[in-house]
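Coordinates in review
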Amino acid sequence: MSEKKDDNLMEKIVSLCKRRGFVFPSSEIYGGFAAVYDYGNYGSELSKNIKNEWWKAMVQLREDIVGLDSGIVMSPRIWEASGHVSGFSDPLAECKNCHARLRVDHLLEDAGVFADEKMSEEEINELFKANLDKIKCPTCGKHDFSDARKFNLLVKSNLGNFTSNWDKDPVYLRGETCQGIYVNYKNVLNSARVKVPFGIAQIGKAFRNEITARQFIFRTREFEQMEMQYFVKPEQEMEEYEKLRQARWNYYLELGIKKENLKWHKHENLVFYAKEAYDIEYNFPFGFKELEGIHARGDYDLSQHGKFSGKNLSYVDPETNESYLPHIIESSVGVGRTMLAVLTDAYAEEAVDGEIRTVLKFPPRLAPIKVAIFPLLKNKPELVGKAHEIYDELKKNYMCEFDDSGNIGKRYRRQDEIGTPYCVTVDFESLEDEAVTVRDRDTMTQERIKIAELERYLENKLK
Ligand code: ATP
């Protein structure tokens, strides 16, 4: 069961995100649009930095992994082959009192009962009824529910279909990005210089009609995934799987996530084709929940696409001429979920001079703004001019912000709240000694640095 932290932490993060331009609710002026969020100026920087770090670890630093950017809409046959059309569903029930729509497997899980994904509607309902005394509606606390029915999560579209009854023959917005990888595996093999074992990595939007989506950017209906599928020789599947698990765990530590906020969760009940499955869980404000899935999938994906497409998807080893269907191990994580983990990890409140300062202690690589530059006073053109000169230089290499509003203390607090690691202030002395004050976000200490050495100083600090 998950542990609870500061009860208000989630509210505080949500409120800071809105106030400071990280995350806005979708379509707000029209009354909102549930389970979709928009990223503001700092949110879009943060999400871009998260994606860049992932891409660097997965593609740039790996000789054996190449990137891909496939379409969101693909042949609907792909989703039949993958099993999503028939089986990608969650059990939904409605609270008869407050009409909240609820996921029955989650209600059961909270009551300590496991509901297998493969269960039929009847089986789920039997289990639901047998445990009803342990379950109450998380919204109103009552015990009166409709029967559970299985609800398919795929989102339909009429793209390319100009008939009036398109929903009889829909296409789907992809429910996961990895299907684009599986169906391009031969193209990549024939064009990139890769040999098994090799991987294909992709970042992109995915869509799911999630029944309950009320944990901010943790679970949304439109979201972005970062997925890497690694194609291996069948005998080497488990060995490669262990390597991938280790690499992914180390990745989060290197990213700066606190170790005590991460843990492994082993899946006890595997889907029939899976060899092994682990999640890396993060200690979100609502407890430990899945951040990333790392799964050993056997040959399920390629054999299904082989069957449904009629194409031979075997790999021929160039050295031994041996022909086989590669097995796949995968790493799959959401950008929004990572962003919530990074925000949770970074959020701190500290008492300073009798006041509370809120600070986001982002690792510098993830911080939306790396350096803020201030003239001490806004009505002194010499200071403003010099500060602007510094800003114009630094912005060539870093996301910087120029701020001349309010007193310095307020400007520091604002930068603390958006997680800017360094603030540079130009004061009257700067005009004499060609030096500036550099203030460190975490220690709040200030150092006097020569303007000529500022870039090198920051480069070392921000590495
Ligand atoms: P959950 O059990 O939380 O619904 P899942 O097991 O269905 O997740 P996967 O299909 O394995 O998730 O997707 C891989 C990753 O994609 C997840 O670990 C998560 O980081 C992200 N993800 C999945 N669904 C969503 C969503 N609705 N919103 C945001 N991120 C998501």
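Note that this is a predicted model, so its numbers are computed, not measured.

Moving on, we get to the site of the ligand. The environment of the ligand is formed by 15 residues, the closest being Glu210, Arg219, Thr220, Glu290 and Leu291. One of the side-chain nitrogen or oxygen atoms of Gln225 is found 3.2 Å away from an oxygen atom of the ligand. One of the side-chain N or O atoms of Arg337 is found 3.1 Å from an oxygen atom in the ligand. Coverage of the ligand by the protein amounts to 84% of the 590 Å² it exposes when considered alone. Counting residues per element, the ones that place at least two in the shell around the ligand are strand E10 (222-232), strand E13 (287-296) and strand E16 (327-334). Taken together, the residues of the shell around the ligand sort by class into four nonpolar, five polar and six charged.

A few words on the nonpolar core. Ranked by size, the top nonpolar core spans 55 residues in total, and within it Phe22, Leu46, Trp54, Tyr252, Leu340 and Phe362 carry the most contacts. The leading source of residues in this core is helix H11 (residues 335-346), at seven residues. Among residues more than four places away in sequence, those in contact with Tyr252 are Ile257, Leu262, Ile280, Leu291, Glu292 and Val333. Ranked by size, the runner-up nonpolar core spans 20 residues in total, among them Leu383, Ala387, Tyr398 and Ile451.

So, about helix H6 (residues 121-130). All buried positions along H6 are accounted for by Ile124, Asn125 and Phe128. The arc that holds every buried residue of H6, seen down its axis, measures 100 degrees, which confines them to one face. The exposed residues of H6 that point more than 90 degrees off its buried face are Glu122, Glu126 and Ala130. Against strand E4 (89-94) and helix H5 (104-110) lie the buried residues of H6.

Turning to the pairing of strand E12 (residues 276-284), a few remarks are in order. Counting buried positions along E12 gives nine out of nine residues, so the element sits mostly inside the fold. Judged by which residues are buried, E12 turns out to be covered on both faces: Glu276, Tyr278, Ile280, Tyr282 and Phe284 on one side and Ala277, Asp279, Glu281 and Asn283 on the other are all buried. Bridge count for strand E11 (residues 262-266) against E12 is five bridges, and the pairing is antiparallel. By the bridge assignment for E12, Trp264 is matched with Ile280. Direction of pairing for E12 relative to E13: antiparallel, over a ladder of nine bridges.

As for its position among the elements, Thr437 is in strand E22 (residues 435-440). Among the residues examined, Thr437 registers a relative accessible area of 11% and is labelled buried. Placed 64 residues apart in sequence, Thr437 and Ile373 show a C-alpha to C-alpha distance of 10.0 Å. The contacts of Thr437, once residues within four sequence positions are left out, are Cys423, Val424, Thr425, Asp427, Gln446, Glu447 and Arg448.

So, about the environment of Glu290. By the element assignment, Glu290 lies in strand E13. Residues Glu290 and Phe218, 72 residues apart in the sequence, show an inter-C-alpha distance of 9.5 Å. Excluding residues within four positions of it along the chain, Glu290 makes contact with Phe218, Asp279, Ile280, Glu281, Phe284 and Arg337.

The next subject is the sheet that holds strand E23 (residues 446-450). Reading across the sheet, the five strands line up as E20-E19-E21-E22-E23 and stay open at both edges, with mixed pairing between neighbours. Of all the strands in the sheet, the pair left with one neighbour each is strand E20 (400-402) and E23. Going across the sheet, the axis of each strand differs from the next one's by a mean of 25 degrees, ignoring polarity. Direction of pairing for E22 relative to E23: antiparallel, over a ladder of five bridges. Directly across from Thr437, in E23, lies its bridge partner Arg448. Here helix H12 (residues 381-394) sits on the sheet and contacts strand E19 (371-375), E20, strand E21 (422-426) and E22; the angle it forms with E19, its principal contact strand, is near 165 degrees.

Rules behind the numbers
Residues numbered from 1 in each chain as written. Predicted model: local features only at pLDDT ≥ 70, side-chain atom pairs only at ≥ 80, totals over all residues. Heavy atoms only, no water. Near = heavy atom within 4 Å. Polar contact = N/O pair within 3.5 Å; in protein donor to acceptor, adjacent residues only side chain to side chain. Areas by Shrake-Rupley, 256 points an atom, 1.4 Å probe, with all protein chains shown as cover. Helix = DSSP H or I, 4+ residues; strand = E, 2+ residues; numbered from the N terminus. Nonpolar A, V, L, I, M, F, W, Y, C, P; charged D, E, K, R; others polar. Core = buried A, V, L, I, M, F, W, Y, C linked by side-chain atoms within 4.5 Å. Buried < 20%, exposed > 50% of the residue type's maximum accessible area, 1.4 Å probe, protein only. Contact = heavy atoms within 4.5 Å. Arc of directions from axis to C-beta. Pairing = 2+ DSSP bridges. Axes fitted to C-alpha atoms, helices over the stretch in contact; angles between N-to-C directions.

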